Amino acid sequence: MSRLWEPVSLGKLELSNRLAMAPMTRDRATPSGAPTELNARYYAQRASMGLIISEGTQPSEDGQGYLLTPGVYTEEHQAGWKLVADAVHAAGGRLFIQLMHVGRASHPDNTPHHRQAVAPSAVRPEAKMFTAKGLQDIPEPRALDEAEIAQTVADFRKAARTAIAAGADGVEIHGANGYLVQQFLAGNSNRRTDRYGGSAENRARFGVEVASAVAEEIGADRTGLRISPGATLNGIAEGDTEAIYQAFVPELARLQLAYLHVVQAGDDALLRWIRPRWPTRLIVNRPGRPREKVGMDVDEGLADVASVASLSLANPDLVKRLQTEAKLNEPDRTTFFGGGEHGYTDYPTLG
Ligand SMILES: Cc1cc2nc3c(=O)[nH]c(=O)nc-3n(C[C@H](O)[C@H](O)[C@H](O)COP(=O)(O)O)c2cc1C
């Protein structure tokens, strides 16, 4: 019997098992970024997961990159997220909202203010963005000045407060996958010469400031953070991956956050370095890991919680299916991003 099915504490919460739903953008909020009853149903269907981490959610207008992603900075957003939190809790689940500021991974056609995207430096990612007019090249962003960096940190703080006011159990800061926090970490997207650029410590400063502000606002025990060391998504090339995370992780460790969430690809050397240095819960996501290996990191003591994305998208009753070794539904990629109920709330459950 896998340890996946044992309960575990996380912050002040007691999770009923150690399998988490990884964050997944689904592009099904309203045009103004409010979650709906449909979104609430989708998450509530998946409440048997020990922890649900929501789709990436923008903390500000600047933070949006994709069409129809939710926000968490207006009263309307708060009311929408309350539908989700209430439905998840009524079904016995736990919900963290992922705060995602995309930085340069955006397009003016997709944001409410249609302005140039912001980033650590004016460096264009070699990437395209899906817009209402189809795929377009991502234009060059402009560099944030220090006052704007402080404002961005304040935006994260306010978004965290809004998430808690909506009834969420906590928030996860998105520090992974080539979005704003990782754009500060990586040398090819951060060319700054002030205290936010240069050394690994300086490049880690923005992420540490966001985590400190959020933890101060809502409590470290309700704050998680996601990293993806070495990931190259959205045009990222870190260069000095080990140095970056050996600077960043110990600073985060001091804050006693509820958890660190690692997207782990490639060899495990850095993860094994992090494991004994991380004082609270470690969540590990292994992209593409087959079902029979989902519990491996937890069983081997390398993680406290395992997170899965696509499997939980396609299987609302994933916990039961894994426990009973039942057949799994296949995820339908054509309905991942955007649309209605189909490919969202209509995946069948057992029996
Ligand atoms: C449809 C879809 C949307 C995703 N959106 C996000 C997101 O908003 N935030 C994030 O951190 N990761 C996002 N991811 C990445 C997943 O959380 C996860 O790391 C990745 O899919 C690998 O896990 P898996 O093999 O279990 O799917 C997304 C993945 C998928 C499939």
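Caption draft 1: View of the overall build of the protein chain. Across its full length, the protein chain carries 10 helices and 14 strands. Scaling as 2.2 N^0.38, a compact globule of 351 residues should have a C-alpha radius of gyration of about 20 Å, and the protein chain matches this with 19 Å. With the principal axes as the frame, the protein chain shows a C-alpha extent of 60 × 45 × 35 Å. Counting across all 351 residues of the protein chain, residues that qualify as buried make up 52%.

Caption draft 2: A look at the packing of helix 1 (residues 37-45) against helix 2 (residues 75-90). Packing of helix 1 against helix 2 brings their axes to within 8 Å, and their N-to-C directions diverge by 30°. Regarding the angle of helix 1 to helix 2, the classification is roughly parallel. As helix 1 runs across helix 2, the sense of the crossing is right-handed. Facing Glu-37, Asn-39, Ala-40, Arg-41, Tyr-43 and Ala-44 of helix 1, the residues of helix 2 in contact are Leu-83, Val-84, Ala-87, Val-88 and Ala-90. Each residue belonging to the contact of helix 1 with helix 2 can be placed in one class, and the counts come to 8 nonpolar, 1 polar and 2 charged.

Caption draft 3: Just the pairing of strand 4 (residues 51-57), in detail. The buried fraction of strand 4 is high, at 7 of 7 residues. Chirality of the crossover, the property in question, places the unit of strand 4, helix 2 and strand 5 (residues 95-99) among those that are right-handed.

Caption draft 4: Expanded view of the nonpolar core. Membership of the largest hydrophobic core comes to 93 residues, with the highest contact counts inside it found for Ala-163, Ala-168, Val-171 and Val-214. Ranked by residues supplied to this core, first place goes to helix 5 (residues 200-218) with 9 residues.

Caption draft 5: Molecular detail of the site of the ligand. Taken together, 21 residues surround the ligand, and among them Ala-22, Gly-56, Pro-287, Ala-309 and Ser-310 come closest. Listed by contribution, the elements that provide at least two residues to the shell around the ligand are strand 4 and helix 9 (310-314). Broken down by class, the residue content of the shell around the ligand amounts to 11 nonpolar, 8 polar and 2 charged.

Caption draft 6: Focus on the sheet that holds strand 3 (residues 19-21). Pairing is parallel in the closed barrel, where 8 strands are placed in the order 3-4-5-10-11-12-13-14. Neighbour-to-neighbour, the strand axes of this sheet turn through a mean angle of 25°, independent of strand direction. Alignment of strand 5 against strand 10 (residues 170-175), held across 4 bridges, turns out to be parallel. When the sheet's bridge partners are listed, Ile-97 is paired in strand 10 with Val-171.

Caption draft 7: A look at helix 1. The complete set of buried residues in helix 1 reads Asn-39, Ala-40, Tyr-42, Tyr-43, Ala-44 and Gln-45. Looking at the buried side of helix 1, the elements it contacts are strand 4, helix 2 and strand 5.

Caption draft 8: Fine view of the environment of Gly-170. By secondary structure assignment, the location of Gly-170 is in strand 10. What makes Gly-170 buried here is the crowd of 28 C-beta atoms within 10 Å. Residues Gly-170 and Ser-312, spaced 142 residues apart in sequence, show a C-alpha to C-alpha distance of 20 Å. Apart from residues lying up to four places away in sequence, Gly-170 is in contact with Gly-11, Phe-96, Arg-222, Thr-223, Gly-224 and Ala-258.

Caption draft 9: Looking closely at the environment of Gly-301. The residue Gly-301 is located in the loop between helix 8 (296-299) and strand 14 (305-308) in this model. Each C-alpha atom, one on Gly-301 and one on Arg-275, is 9.1 Å from the other, the two residues being 26 residues apart in sequence.

Caption draft 10: The arrangement of the pairing of strand 7 (residues 128-131) in detail. Taken together, the 4 bridges between strand 7 and strand 8 (residues 134-137) define a ladder with antiparallel strand orientation. Across the sheet, the residue bridging to Thr-131 is Gly-134, located in strand 8. Taking the residues that link successive antiparallel strands as the turn, the strand 7-strand 8 hairpin has 2 residues.

Caption draft 11: Main features of helix 2. In a regular helix each residue adds 1.5 Å, so 16 residues correspond to 22 Å; helix 2 covers 22 Å between its end C-alpha atoms and thus fits that length. Taken together, the buried positions of helix 2 are His-77, Gln-78, Gly-80, Trp-81, Leu-83, Val-84, Ala-85, Ala-87 and Val-88. Packing partners of the buried residues in helix 2 comprise helix 1, strand 4, strand 5 and helix 3 (146-165). Gly-92, located one to two residues past helix 2, shows a positive phi value of around 90°.

Caption draft 12: Up close: unusual backbone geometry. Positive phi is not limited to glycine here, since Asn-234 has a value of about 55°. Along the polypeptide, Asn-234 turns up in the loop between strand 11 (223-227) and helix 6 (241-254). The phi torsion at Gln-256 lies on the positive side, around 55°, for a residue other than glycine. With 14 C-beta atoms packed within 10 Å, Gln-256 lands in the partly exposed category.

Caption draft 13: Structural view of the packing of helix 3 against helix 5. Following both chains from N to C, one finds helix 3 and helix 5 inclined at 35°, their axes separated by 9 Å at the closest point. Our pair here, helix 3 against helix 5, has a crossing hand that is right-handed. Of the residues in helix 5, those in contact with Ile-149, Val-153, Phe-156, Arg-157, Ala-160, Arg-161 and Ile-164 of helix 3 are Phe-206, Glu-209, Val-210, Ala-213, Val-214, Glu-217 and Ile-218. A class-by-class count of the residues in the contact of helix 3 with helix 5 yields 10 nonpolar, no polar and 4 charged.

Caption draft 14: Structural view of the environment of Arg-254. Looking at the secondary structure, you find Arg-254 in helix 6. A C-alpha to C-alpha distance of 9.0 Å links Arg-254 and Trp-278, two positions 24 residues apart in sequence.

About the criteria used
- Residues numbered from 1 in each chain as written.
- Predicted model: local features only at pLDDT ≥ 70, side-chain atom pairs only at ≥ 80, totals over all residues.
- Helix = DSSP H or I, 4+ residues; strand = E, 2+ residues; numbered from the N terminus.
- Rg over C-alpha atoms; globule rule 2.2 N^0.38 Å.
- Buried ≥ 20, exposed ≤ 12 C-beta atoms within 10 Å, placed from the backbone.
- Axes fitted to C-alpha atoms, helices over the stretch in contact; angles between N-to-C directions.
- Parallel < 35°, antiparallel > 145°, perpendicular 65-115°, else oblique.
- Left-handed = near helix turned anticlockwise from the far one by under 90°.
- Contact = placed C-beta atoms within 7 Å.
- Nonpolar A, V, L, I, M, F, W, Y, C, P; charged D, E, K, R; others polar.
- Right-handed = clockwise from strand over helix to strand, strands pointing away.
- Core = buried A, V, L, I, M, F, W, Y, C linked by C-beta atoms within 7 Å.
- Near = placed C-beta within 6 Å.
- Pairing = 2+ DSSP bridges.
- Expected span 1.5 Å × (residues − 1).

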